[in-house]
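Okay, here's what each chain looks like letter by letter:
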Amino acid sequence: MVILICGMQDIQVKTKIKEIKSKYLGDDINDFNFVQYDLTQTSLNDVVSDALTQAFGYDRKLIVCSNPYFLLANTKTKVPFEQDFTMFNEYLKSNDDESCIIFYTVGKFDERKALVKDIKKLAKVYDLGDIDKNEWHYKVKNLFLNAHIQIKENDIDFFIERVGNDLGQMVKEIEKLGLYSKVITREDIEKLIPRQLEDNAFQMLDSIINRNMQKLMQNYYDLKLINEEPTRIIGLMAGQLHLQYQVLSLMKKGENERAIASILGIHWYRVSLMCKNASKISTKDILYLLDKLSKLDIDIKTGTVDRYQAFELFLLKHC
């Protein structure tokens with residue numbers, strides 16, 4: 001038997017594997033009836049050979065395989081062996097229930113590949129998808145409740161924006177917050193959870209718009225301390241400027257914050273902050289800044305200017 005599992009959240013994929021493992025093997029699980037392989041390190045033939053070998057003293061064997069690169073799109077994985085699918089195809093068609101091979105990935109399998117199509121005809125498939133953007137607040141609120149942590153509704157949205165849409169990371173951060181206090185504020189989140197690079201770029205843009213030089217340079221020096229390259233920061237800032245431009249355009253069409261967040265696929269908390277900046281920056285200003293960033297990027301990459309000095313001068317000039 002073969003099972004395919006995919007989804008956008010690592011924790012959901014791992015939970016599904018755990019669920020199947022318990023259902024298929026019961027409570028008595030050990031190295032004889034449960035095996036894990038990394039398919040960049042072990043050939044598919046070796047995996048199938050193991051699946052066909054009787055588990056000593058047990059009726060069933062479960063084999064879980066990570067990194068099934070040959071089922072994914074745009075992969076150029078180099079492996080120390082030649083992959084052969086003949087033996088696997090025979091195993092797939094046999095529909096043997098005494099052993100089960102699970103292939104899993106965080107992301108999607110490549111539906112265009114012939115092997116994926118063949119497997120899907122005979123295998124069980126669990127496509128877990130992703131959490132709907134409208135469900136994040138409710139799901140994270142329940143995580144805080146289950147951890148017995150008090151937090152305000154608005155601070156939940158700030159937490160989501162701070163951590164990003166990674167459920168596994170959210171669970172870890174909530175555990176960390178719970179060790180600090182059972183009543184969490186926005187200030188606690190700011191202090192204990194580091195910003196993502198994208199969030200730093202957004203904060204820098206927000207500081208430029210609001211003429212907050214101290215906050216702008218603090219964000220920049222935070223990135224410099226971790227050796228983040230100016231060209232990388234320029235790209236992230238340009239991305240935030242494009243978002244700000246789209247927010248302004250949709251506001252002019254009469255869309256509200258929630259609708260804009262849904263259309264652009266970003267959290268409404270960030271949209272809310274961008275909407276507040278609408279009176280302080282125009283689409284013309286945004287195009288001007290994008291043009292200056294583009295020229296700065298070219299100058300840095302061609303070695304015309306010192307990358308740090310030129311970027312710092314840009315920040316000082318436009319704040």
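Provided above is the structure to which this section pertains.
Residues numbered from 1 in each chain as written. Predicted model: local features only at pLDDT ≥ 70, side-chain atom pairs only at ≥ 80, totals over all residues. Heavy atoms only, no water.

Draft legend 1. The pattern of salt bridges, seen in detail. Applying the stated criterion across every chain, the model contains 16 salt bridges. Two residues, K14 and D10, come together in a salt bridge whose shortest N-O distance is 3.4 Å. Taken as a pair, K14 and D10 lie in helix 1 (residues 10-25) at a separation of 4 residues, close to a single helical turn. Looking at K14, the relative accessible area reads 39%, which means it is partly exposed. A relative accessible area of 35% means that D10 is categorised as partly exposed. One salt bridge in this structure joins D297 and K301, with 3.1 Å as the shortest N-O distance. (Salt bridge = Lys/Arg side-chain N within 4 Å of Asp/Glu carboxyl O. Helix = DSSP H or I, 4+ residues; strand = E, 2+ residues; numbered from the N terminus. Buried < 20%, exposed > 50% of the residue type's maximum accessible area, 1.4 Å probe, protein only.)

Draft legend 2. How the structure looks around the packing of helix 6 (residues 153-163) against helix 13 (residues 268-276). With their axes 8 Å apart at the nearest point, helix 6 and helix 13 run at an angle of 95° to one another. The orientation of helix 6 with respect to helix 13, classified from their angle, is roughly perpendicular. Residue-level contacts link D157, F158 and E161 of helix 6 to W268, Y269 and R270 of helix 13. (Axes fitted to C-alpha atoms, helices over the stretch in contact; angles between N-to-C directions. Parallel < 35°, antiparallel > 145°, perpendicular 65-115°, else oblique. Contact = heavy atoms within 4.5 Å.)

Everything listed here is a matter of geometry and, on its own, says nothing about what the molecule does.
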